[in-house]
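Results of the structural survey
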Amino acid sequence: KRLDQHFSLCPPWTAMIPSRVVRAAPRSCCIVGGGIAGVALSRELARHGVGVTLLERTGQLCSGATWHAAGLVTRFAGSPKLKKLHVRSLAMLNEMQDRADIGLHRDQGSIRLIEKGDHDRYLEAQQQVGMAALYDDPRFPTRMISRDEIAEMHPLMCMDNIDCGVHTPWDGDIDPTLLTNAVAKDAKGLGAVMKMNSEVKAVKARPTGGFDVTIAGPEGESVQQFDTVVNAAGLWSRQFSEDIMGLSFADHPCFVIEHQYVVSETLPEIAARQKAGLPRLPVLRDLAGSQYIRQERTGILIGPYEQECKLSPYPKAPPRDFENELFPGDLERLEDNIMHAIELIPGLGEVGFINTTNGPTIWTGDSLARCGRTKIPGYYDFNTLTYGITHGLPLAEYLSHVMVHGEQPQGYDLFNEADPLRYNGWCTPESVEGLVRQTYTHNNQPYFPFENRKGGRAELPRHSLYEAMAQRGAWFGFTNAGVEVPLFFLPSNIPAESINEKKFSHQDWEDIVAAEARAVLSGVGVSQASFSKMRVSGPGAMEHLDKMTTAVLPKKVGATKLTYSLTPSGRIQAEFTICKLAEDDFYLVGGRAYLHHDLELLARNAPATVKVDNLSDDVQIIHVAGPDSKEVVRAIHPDMAEVGFLTMTPIDVEGLGPVKTFRVSFTGCLGYELHVPSAQAAALYERVLEAGADRGIVNFGNYALDSLRVEKGFKLKGDFDYCHYMEAGISPFVSKKKEFIGRDPSYKAERQACFYAIQVEKGWGWSVPSDCPIRREQDDCIVGYTTSGAPGASMPGTTVVANGFVTDSSDIEKLYVTAYGQRWPCTFLSQPPLKAVGRDEAAGLDAAIRACVQDLSGLVQQGGTVASAAKPRSMEAAAS
């Protein structure tokens, strides 16, 4: 009764699911839409032996957004996960080009131009080239090239303002229609059926699984049965989700926008090159002009990302008869971009423009595709491919594997990037429009790792805890979870305008964050923990959770355990802290960014008696941490201080009602999580501040949390990089006795999770991002990489502790890491530098640990290898 009183439950996730019966491997699939996405998926599913029927409403393929695409395909990507996708894309496209002409122009590759004096672009390019070394096809490495090399490859360019460039070889552009028809030919050869002039009128879920699909075709209406349905309707995909599948805008948040490109008249220099049999000019990414520039026959095509994103006249979907159509061109909107292109290629100033293409394209708020499961079992999204020609083939391979095998293929890690469930109820048309406009106009802006863009955030729902923390200087960050959480707290004597987030090093908030972390280590701090909160309950809940998690479930009420959920092949796909509330009643805490992915995972194939509830908006978490945290919570209620390690006790606090009190802390210090209904969160926060006032309690944000967690070896889900559980370093949380999905103790690991201590110069402590290659000194061979890093809160100011993997441990005495063009010595650590405060340790030993870590840091600075003997592996050893 007390637990029910504690939660104001929203409708259960499982109540939204019409059918709980899901086949891992479908026998039949209806794909709606005949663009590159639908056609590519037809081929991949047919390869898996699935009976595919593709339905295209018009009389031919490529009649929506595919046919007018500029067709750029590149190996380059700023994101590591998209980089892997692009490398795979070019491998697939080149294989097709080698056996059938698909119009792939690849001779000279692509060049990203960096202008003189643009130091930020230069640093970003250095990082991108370093990261690319982890994932490039070694035959086609990404590299920095000089202005002389650029001039040789593109002799039409004026080099006056160019400093250097980033070159990706053996990529360029392709004919979208040739490509789509070639893929369709492959698909038909494998047995896929493609029906033109056929439109879906209704989709009805069958009680036993699968769908009845009503199709209007040339011969009238008919009803056909399919195991699965895929929405590959492109420009019409949101309309299909809402009008046919009964979903809401929040389930499919996107807009149709306008994107223009222009084509020039013939340039005599290009005509002469073509006549002489010289290779095509490389594709240029004119970052300063925010546009791409490529050869089009004997002219030049210019495709700007305009500074004003224009929504189409049909933001939801074009009319039904909008077939192979365009919007009116508006050359005046492109004037600034064209002038910059003329500065780069002066010959453009001597000719006119013969064509302006203003075509519809469909964008999400983060410009990434919607590719994967939806909340309706058996119904998949494969749409809003902003970069459809580059992404279409590899994403089809990815999705077909998800549909047939129940998980993404090895080499991909796109659950967060491509998952349609990454969005949820916070997505209003106003907030998504703001995000789409921001993402489009910033397409060619530098990506600063700590930049907090504001698009769409003014429309977010905010709770009282947000306001209470904002009044105390909270500097908020934002993720696709639709939640703003404090990153740090700006002291009242520092003006907000003094914080410049557009930096790669020497962050303006470094000293603020370091002070917050030190205060937690020496006293006590309070913050908000932005985890997801879920409840799995009902007859069979324990059995259901037991088979899908790695650790033995807690047996006592209030007991809490960390555990993981795996794919069928043993790869980590979710992380949960599970607390037992009662028999067959469990409370789960997970990563907020993965909330809806985790809800679908928990509900998938659950017995009809099991209910999965999303409590994330109903409950807030106040996080109190540090050696004095016990006395602070004792002042709120004496019983709070008596809660044991890794246990939870609901405690009635006067004026606030029941507060779930957990003795856990992601800082690795002595700490407590206080889970409270959202309506009482601000009041509890104020009570904590009041209780800790005489102990100098400080507010701390997520940056300080990162600094505290990394030196204890605490990982984020992203640190696992979709690895196998035998590679992840999570053996304490994996039962050796029970059976669970994905169990495979015989797996031969290809890499192993580890830690690195990295010595950087002052000001570069926050400049070791994920996917930085770790190299051996003697031969520059890559032996590992980072997954996250931050200055260790207890370490000297120039020591970064990074989570990561080692891929070759044969000789790792002398290592270095590269990031943003810098080179720093680093030391391999098989275990984290510090042990977290646990069950029996007294908080007073924190000082002894810090002293011990000073000695450890000295060893690291001297270049010693710290593997096992040099590190204290118990609090007793640290104290002595």
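Only a predicted model underlies this, so the values are computations on that prediction, with no experimental measurement involved.

What to know about the packing of aromatic side chains
The description of two aromatic rings rests on the distance between their centres and on the angle between their planes. Evaluated as defined, the whole model comprises 35 aromatic pairs. Where Tyr466 meets Phe476, the ring centres are 4.1 Å apart and the plane angle is 20°; that geometry is what we call stacked. Linking Tyr466 in helix 13 (residues 464-470) with Phe476 in strand 20 (residues 474-478), this pair joins segments that are 10 residues apart in sequence. Each of the two residues, Tyr466 as well as Phe476, counts as buried. Here the aromatic cluster, defined as three or more aromatic residues joined through ring pairs, consists of Phe450, Trp475, Phe488, Trp509, Tyr703 and Trp766. A cation over a ring is seen here: Lys717 above Tyr594, with NZ or CZ 4.2 Å from the ring centre. Of note, Arg823 hangs over the ring of Tyr816, and the distance from its end group to the ring centre comes to 3.6 Å.

Considering empty space enclosed by the protein
Leftover empty space is mapped by rolling, across the atoms, a probe with the size of a water molecule. Tallying each qualifying case throughout the model produces 11 cavities of 30 Å³ or more. Its boundaries defined by the atoms lining it, the second largest cavity holds a volume of some 90 Å³. Lining the second largest cavity, in full, are Lys81, Asp413, Phe415, Asn416, Glu417, Ile572, Tyr594, Lys717, Gly718, Phe720, Asp721 and Tyr722. For the lining of the second largest cavity, the element with the most residues is helix 11 (residues 415-418), which contributes three residues. Of the residues contributing to the lining of the second largest cavity, the split by class is five nonpolar, two polar and five charged.

As for the sheet that holds strand 5 (residues 143-146)
Taken in spatial order, the eight strands of this open sheet run 5-6-4-14-15-16-13-17, and their pairing is mixed. Lying at the two open borders of the sheet, with one neighbouring strand each, are strand 5 and strand 17 (353-363). Neighbour to neighbour, the strand axes of the sheet diverge by 25° on average, direction disregarded. Direction of pairing for strand 13 (residues 255-264) relative to strand 16 (residues 299-304): antiparallel, over a ladder of two bridges. Residue pairing in the sheet places Val263 in a bridge with Leu301 of strand 16.

Section: the nonpolar core
Grouped together as the largest cluster of nonpolar side chains are 54 residues, with contacts concentrated most on Leu179, Phe382 and Leu399. Secondary-structure elements contributing two or more residues to this core are strand 1 (28-32), helix 2 (36-47), strand 2 (51-55), helix 3 (80-99), helix 6 (176-189), strand 19 (379-383), helix 10 (388-405) and helix 11. The leading source of residues in this core is helix 10, at nine residues. If you look at the next biggest cluster of nonpolar residues, it comprises 32 residues, including Ala641, Leu656, Tyr672 and Leu684.

Here we look at the confidence of the model for the chain
Close inspection of predicted coordinates is inappropriate in any region flagged by low pLDDT. Per-residue confidence for the chain gives a mean pLDDT of 91; residues scoring 70 or more make up 92%. Counted against residues more than four places away or in other chains, residues 1-23, with its pLDDT under 50, gives 67 contacts. Contacts of residues 840-880 to residues separated by more than four positions or lying in other chains number 61 contacts, the stretch itself having pLDDT below 50.

Re the state of the cysteines
Applying the stated criterion to the full structure yields zero disulfides. Unpaired in this structure, Cys754 has its nearest cysteine sulfur neighbour in Cys826, at a distance of 9.1 Å.

As for the sheet that holds strand 29 (residues 648-653)
One open sheet holds the six strands; their spatial order is 29-30-31-28-22-32, and the pairing between them is mixed. One side of each edge strand has no neighbouring strand; the edge strands of this open sheet are strand 29 and strand 32 (698-699). Inspection of the sheet shows strand 22 (residues 525-529) paired to strand 28 (residues 619-625) by five bridges, in the antiparallel sense. Among the inter-strand pairings, Gln528 is bridged to a residue of strand 28, identified as Ile622. Sheet strands touched by helix 18 (residues 678-691): strand 22, strand 28, strand 29, strand 30 (657-662), strand 31 (671-677) and strand 32. Its angle to strand 31, the strand with the most contacts, is close to 145°.

What about unusual backbone geometry?
Positive phi is not limited to glycine here, since His506 has a value of about 50°. A positive phi angle, near 60°, is found at Asp780, a position not held by glycine. If you trace the backbone, Asp780 turns up in the loop between strand 34 (773-776) and strand 35 (782-791).

So, the layout of surface pockets
Put simply, the second largest pocket is a space of about 720 Å³. Lining of the second largest pocket is provided by 41 residues; of these, Asn424, Gly425, Trp426, Arg592 and Asp617 occupy positions nearest its centre. Looking at the lining of the second largest pocket, the elements that each hand over two or more residues are strand 22 and helix 16 (595-603). Taken together, the residues of the lining of the second largest pocket break down into 19 nonpolar, 12 polar and 10 charged.

What counts, and where the lines are drawn
Residues numbered from 1 in each chain as written. Predicted model: local features only at pLDDT ≥ 70, side-chain atom pairs only at ≥ 80, totals over all residues. Heavy atoms only, no water. Phe/Tyr/Trp six-rings, centres within 6.5 Å; stacked < 30°, edge-to-face > 60°. Helix = DSSP H or I, 4+ residues; strand = E, 2+ residues; numbered from the N terminus. Buried < 20%, exposed > 50% of the residue type's maximum accessible area, 1.4 Å probe, protein only. Lys NZ or Arg CZ within 6 Å of the ring centre and 35° of its normal. 1 Å grid on protein atoms, 1.4 Å probe; cavity = no way out; pocket = protein on both sides within 12 Å on 5 of 7 lines; lining within 4 Å. Points joined across faces, edges and corners; volume = space filled by probe spheres on them. Nonpolar A, V, L, I, M, F, W, Y, C, P; charged D, E, K, R; others polar. Pairing = 2+ DSSP bridges. Axes fitted to C-alpha atoms, helices over the stretch in contact; angles between N-to-C directions. Core = buried A, V, L, I, M, F, W, Y, C linked by side-chain atoms within 4.5 Å. pLDDT = per-residue confidence, 0-100. Contact = heavy atoms within 4.5 Å. Disulfide = S-S within 2.5 Å.

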